[in-house]
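Single-letter residue listing:
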Amino acid sequence: MKIAIIGSGAAGSVFAGYLRKGGADDITLVDLYKAHMDKVAAKGLILRNPDGEFHLTGFKTAYSAENIGVMDIVILMVKATQTDSAMEGAKNCIGPDTVVATLQNGLGNDENVKKFVPASRIIFGAGNMGTELPEPGVCVAKPAKGNNMFIGPAEKSAVTDAAGAYLEKCFAAGGLEPKYFDDVRPYVWRKATSNSGFNTVCAVLRLKIREVYDDPYGVALVWQIWHEAADVAEAMGIPGIWEYMQTEMLNVVNNLGDYYPSMAQDMLMHRRQTEVTCLTGAISDYGKKVGVPTPTCDVLTQVVEAQQDTYALQYVKQ
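Residues numbered from 1 in each chain as written. Predicted model: local features only at pLDDT ≥ 70, side-chain atom pairs only at ≥ 80, totals over all residues. Heavy atoms only, no water.

A. Broad picture of the packing of helix H8 (residues 216–235) against helix H12 (residues 295–309). It is at 8 Å that the axes of H8 and H12 come closest, and there the two elements cross at 120 degrees. As judged from the angle between their axes, H8 and H12 are oblique. Counted together, Leu221, Gln224, Ile225 and Glu228 of H8 and Pro295, Thr296, Cys297 and Leu300 of H12 form the full contact between these two elements. Grouping the constituent residues of the contact of H8 with H12 by class yields 5 nonpolar, 2 polar and 1 charged. (Axes fitted to C-alpha atoms, helices over the stretch in contact; angles between N-to-C directions. Helix = DSSP H or I, 4+ residues; strand = E, 2+ residues; numbered from the N terminus. Parallel < 35°, antiparallel > 145°, perpendicular 65-115°, else oblique. Contact = heavy atoms within 4.5 Å. Nonpolar A, V, L, I, M, F, W, Y, C, P; charged D, E, K, R; others polar.)

B. Structural detail: the sheet that holds strand E10 (residues 138–143). Across the sheet, 4 strands lie side by side as E4-E3-E10-E9; this open sheet has mixed pairing. Unpaired on one side and paired on the other, strand E4 (52–56) and strand E9 (129–135) mark the two borders of the sheet. If you compare each strand with its neighbour and ignore which way they point, the axes differ by 20 degrees on average. Taken together, the 5 bridges between E9 and E10 define a ladder with antiparallel strand orientation. Residue pairing across strands places Thr131 opposite Ala141, the latter belonging to E10. Sitting on the sheet, helix H1 (residues 10–21) touches strand E3 (45–49), E4, E9 and E10, and the angle it makes with E9 is about 100 degrees. (Pairing = 2+ DSSP bridges.)

As C-alpha cells, this is what we get:
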C-alpha cells in the first residue's frame, strides 16, 4: 500500500522507520523541516531503538502533500492544533478510497478528522513510546513493553479493516507489538490519560518524568489528573481506566524516567505551542459534556496556556 505520513517529525519518523523496517515499501514522508526531509531523501533514515541502530532507505520525501499523488493510507502525525490545516493541505492525496489514520497524541483527533472524510475511512490510535529527533535524518524510539501500538476504526468497514491489517502486519514485522482493535477507545484513553499526567506536570514543573515521580507534590498532581480522566471516561462508557493506571505509573517511570515528554520539550526547549488542548484540556472539555468535575485539569490547562502565550515575557536568568 502507498502510505504518506503527514508530519514526519520525531514520532512520524519513528513510525515510518518501523513500517519501513517491517516491509512497507512505498512511504512518503511529508514535513516542513527541510533539513530533515533532505537528509532522509539523500541518505535514508537512522532509527535508534532498544534493539540497536537501523539504517533505512527507500523513502520518498516532500515539504507538502500537494503533489505526492493519491495514497492508500494517510497517517496524520501533526500536532492536534494543526489538524485542520494539515487535512486541507493533504486533500490532493486523499482519494475516495483513502484511509486516514490519525495516530496523534491526545483525545478527539478522530472527531476532528471526520470534518474532512467519513468515519468509514478513519482509523485512530497511538503508539505507546517516547520519541526524539536529535538531528536531521536520525530518530529515536523508546517503546513501552507489551502492546505499544494500538489502532482501530472510527467506523468498521472493509477499507479500514484492510488498512488496519496492513499497518498491524508492518509494525509487528518492524519490531513493535501492535494490535488492531474493533473498539480502540479504551486504549486511546489509557494512553491519553498517561500522557496528560506526566506531559502536563513535567512541562509546568520543568522536570523529567522520574524527577516528577520522586517529588510527592509532583506525583500527586499526576494522580489527580489520572483520577479525573478515569472518572470522565467512566461516565462516557469507557471503564477500567483507573485500574489500568495503578500499574501504569511504574511502567512509565521505569521505561521513560529520564525523558522529557513532548509537552515539556515544546515548552522548555523550543518555546512553541503545546498539545495541552487535546490532553488535560480535552479531559476538561469531555468532563463538562458528561457533568464530571475536573479541577486539576482545568487549572493546569490554564497554566500551560498562559505560559505558552507569554514565552517572550518570561524571566530568564542571565
